Amino acid sequence: MTLNRFCYLLLILAASGSMFTSHPFVMWCLLANVLTLVIYGADKMAARRAWRRVPESTLLVFGVVGGWPGAIVGQQLFHHKTQKQPFKTYFIISILLSVSAMAAVYWLFPLSFS
């Protein structure tokens, strides 16, 4: 199994597991952010050791699904993906998409978050 597939498997397991908690949205946000932070760290380690890397698209997907705060922490903590201009632009767009989607879901289904 490649690192990229393993990342997506973890994301699916986190989504599935968070549905069985009393506060699934809160648990999802926590798991998505922790996973995103770990994946940024793993990608930085892979970059240093010339191993197979996590694709930028995977890093962006983890940000879009709610892990963008963890991604920001990972970028600052590991000094990773902070200077890559195309990635920075796509990352900002992914944050805007994520926040817009969360706002739309909250606006359409306000009782599901309480």
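Conventions and cut-offs
Residues numbered from 1 in each chain as written. Predicted model: local features only at pLDDT ≥ 70, side-chain atom pairs only at ≥ 80, totals over all residues. Heavy atoms only, no water. Core = buried A, V, L, I, M, F, W, Y, C linked by side-chain atoms within 4.5 Å. Buried < 20%, exposed > 50% of the residue type's maximum accessible area, 1.4 Å probe, protein only. Helix = DSSP H or I, 4+ residues; strand = E, 2+ residues; numbered from the N terminus. Contact = heavy atoms within 4.5 Å. Patch = residues over 30% accessible without salt bridge, like charges linked within 9 Å, V, L, I, M, F, W, Y side chains within 5 Å. Areas by Shrake-Rupley, 256 points an atom, 1.4 Å probe, with all protein chains shown as cover. Salt bridge = Lys/Arg side-chain N within 4 Å of Asp/Glu carboxyl O. UniProt positions renumbered as here; feature names shortened; annotations may be inferred. Expected span 1.5 Å × (residues − 1). Axes fitted to C-alpha atoms, helices over the stretch in contact; angles between N-to-C directions. Parallel < 35°, antiparallel > 145°, perpendicular 65-115°, else oblique. Left-handed = near helix turned anticlockwise from the far one by under 90°. Phe/Tyr/Trp six-rings, centres within 6.5 Å; stacked < 30°, edge-to-face > 60°.

As recorded by an unreviewed UniProt entry, the protein chain carries the name DUF1294 domain-containing protein and is attributed to Citrobacter meridianamericanus.

K.L.:
Is there a simple way to think about the nonpolar core in this case?
P.N.:
One finds Ile-39, Tyr-40, Leu-59, Phe-62, Phe-87 and Phe-91 to be the most contacted residues of the largest nonpolar core, which totals 16 residues. Secondary structure elements with two or more residues in this core: helix H1 (3-18), helix H2 (24-49), helix H3 (56-78) and helix H4 (85-108). The residues contacting Ile-39, other than those within four sequence positions of it, are Cys-7, Val-54, Leu-59 and Phe-62.

K.L.:
Even after reading the chapter, I still don't get a nonpolar patch on the surface, so can you show me in this structure?
P.N.:
A cluster of nonpolar residues, Val-61, Val-64, Val-65, Tyr-90, Ile-93 and Leu-97, forms a patch on the protein surface that exposes about 480 Å² of accessible area. Sorting the residues of the nonpolar patch by element identifies H3 and H4 as the ones contributing at least two each. Its relative accessible area of 33% is what places Val-64 among the partly exposed residues.

K.L.:
What should I look at first to understand the environment of Ile-39 in this one?
P.N.:
Assignment of secondary structure puts Ile-39 in helix H2. Here the alpha-carbon distance between Ile-39 and Cys-7, two residues 32 residues apart in the chain, equals 7.5 Å.

K.L.:
When you look at the UniProt feature "transmembrane region" (unreviewed entry) in the protein chain in this model, what are you seeing that I'm missing?
P.N.:
Taking the numbering used here, the UniProt-annotated feature "transmembrane region" (unreviewed entry) corresponds to residues 27-47 and 90-109. Structurally, residues 27-47 comprises 100% helix and 0% strand, and the distance from its first C-alpha atom to its last is 30 Å. Secondary structure within residues 90-109 divides into 95% helix and 0% strand; the distance between the first and last C-alpha atoms comes to 28 Å.

K.L.:
How should H4 be read in this particular structure?
P.N.:
For the α-helix, the turn length of 3.6 residues means that residues three or four positions removed from each other point alike. Taking 1.5 Å per residue, 24 residues should reach 34 Å; H4 reaches 35 Å between its end C-alpha atoms and fits that length. Phe-87, Phe-91, Ser-94, Ile-95 and Ser-98 are the residues of H4 that are buried.

K.L.:
Looking at this structure, I do not really get the packing of H1 against H2. What am I missing?
P.N.:
To characterise two packed helices, one gives the angle between the axes of the helices and the distance between these axes. At their nearest, the axes of H1 and H2 sit 9 Å apart, and the two run at 160° to each other. Judged by the inter-axis angle, H1 sits roughly antiparallel to H2. The hand of the H1/H2 crossing is right-handed. The residues of H2 that touch H1, namely those facing Cys-7, Leu-10, Leu-11, Ala-14, Ala-15 and Ser-18, are Pro-24, Met-27, Trp-28, Leu-31, Leu-35 and Ile-39.

K.L.:
Looking at this structure, I do not really get the packing of aromatic side chains. What am I missing?
P.N.:
Any pair of aromatic rings gets described here by the distance separating the centres and the angle formed by the planes. Inspection of the entire model under this criterion finds two aromatic pairs. Centroid distance Tyr-8 to Phe-62: 6.2 Å. Interplanar angle 45°. Geometry classified as tilted. Taken as a pair, Tyr-8 in helix H1 and Phe-62 in helix H3 lie far apart in primary sequence, 54 residues in all. On the basis of relative accessible area, Tyr-8 is assigned to the partly exposed category, the value being 28%.

K.L.:
Please explain unusual backbone geometry as it appears in this structure.
P.N.:
Residues apart from glycine generally show negative phi values, whereas peptide bonds are mostly found in trans. Despite not being glycine, Ala-50 shows a phi value in the positive range, around 60°. Within the secondary structure, Ala-50 sits in the loop between H2 and H3. A positive phi angle, near 50°, is found at His-79, a position not held by glycine. Here His-79 lies in the loop between H3 and H4.

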